[in-house]
Amino acid sequence: MDNLFCLRCNREIEPGGKSVAVYLFAQTVGVRPRQKSPAQRICFCPQCSVSLAMGPAPEGALNLAAWQMIRDIVGADPALTEAAWESLHGVDEGMLPATGTAGPVSPARIGPYFEF
Ligand SMILES: [Zn+2]
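Residues numbered from 1 in each chain as written. Predicted model: local features only at pLDDT ≥ 70, side-chain atom pairs only at ≥ 80, totals over all residues. Heavy atoms only, no water.

Enquirer: Got a minute to help me understand the coordination of the zinc ion in this structure?
Expert: Six octahedrally arranged donors around a metal ideally form angles of 90 or 180 degrees; four tetrahedrally arranged donors ideally form angles of 109.5 degrees. Distances from the zinc ion to its protein donors, namely Cys6 (SG), Cys9 (SG), Cys45 (SG) and Cys48 (SG), fall within the range 2.2 to 2.3 Å. Classification of the site at the zinc ion rests on its 4 donor atoms, whose angles at the metal span 103 to 117 degrees, yielding the label tetrahedral. Look at where the donors of the zinc ion fall in the sequence and you get C-x2-C-x35-C-x2-C. When its relative accessible area of 1% is taken as the criterion, Cys45 is described as buried. (Donors = N, O, S within 2.8 Å, 3.2 Å for Na, K, Ca; no water. Tetrahedral: all angles 85-135°; square planar, octahedral: opposite > 155°, others 65-115°. Buried < 20%, exposed > 50% of the residue type's maximum accessible area, 1.4 Å probe, protein only.)

Set out below in structure tokens:
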């Protein structure tokens, strides 16, 4: 199996690692024989998925459609937010924004932002 890389930050995603995969393919409708393009698999690491979902709507109809799917997925399951938090905490400790409180921001504090 090929190694996958996050489309946004180019971070390597381990096989079976937490990530969001967007599958994209095109096919003709009403034309015979039906043509179908190869499927593309686009991956986002948990951090980028959460970051994208929390960010503003992108330009372009196709980007917007993908963004809405990612928002649905990220908003539906706190596990991804927690994974993003764990990675941030593990990799970039010390780079976290000051919260004005003792101790790091917990996923529970990030959670309310996903109640769209
Ligand atoms: Zn990423």
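Enquirer: Would you mind showing me how to read the nonpolar core here?
Expert: Side chains of a nonpolar character, in soluble globular proteins, are inclined to be buried together. Counting 15 residues, the largest nonpolar core has Cys6, Ile13, Phe44, Cys45, Ile70 and Val74 as the members making the most contacts within it. For this core, the element with the highest residue contribution is helix 1 (residues 46-54), accounting for 3 residues. Those residues in contact with Cys45, other than ones at most four positions away along the chain, are Cys6, Cys9, Arg11 and Ile13. (Core = buried A, V, L, I, M, F, W, Y, C linked by side-chain atoms within 4.5 Å. Helix = DSSP H or I, 4+ residues; strand = E, 2+ residues; numbered from the N terminus. Contact = heavy atoms within 4.5 Å.)

Enquirer: What am I meant to see in the packing of helix 1 against helix 2 (residues 61-76) here?
Expert: The relative placement of two packed helices comes down to the angle between their axes together with the axis-to-axis distance. Their axes nearest at 9 Å, the elements helix 1 and helix 2 cross at an angle of 110 degrees. When the axes of helix 1 and helix 2 are compared, the pair comes out roughly perpendicular. Of the two elements, helix 1 crosses helix 2, and the hand of that crossing is left-handed. Facing Ser49, Val50, Leu52 and Ala53 of helix 1, the residues of helix 2 in contact are Trp67, Ile70, Arg71 and Val74. (Axes fitted to C-alpha atoms, helices over the stretch in contact; angles between N-to-C directions. Parallel < 35°, antiparallel > 145°, perpendicular 65-115°, else oblique. Left-handed = near helix turned anticlockwise from the far one by under 90°.)

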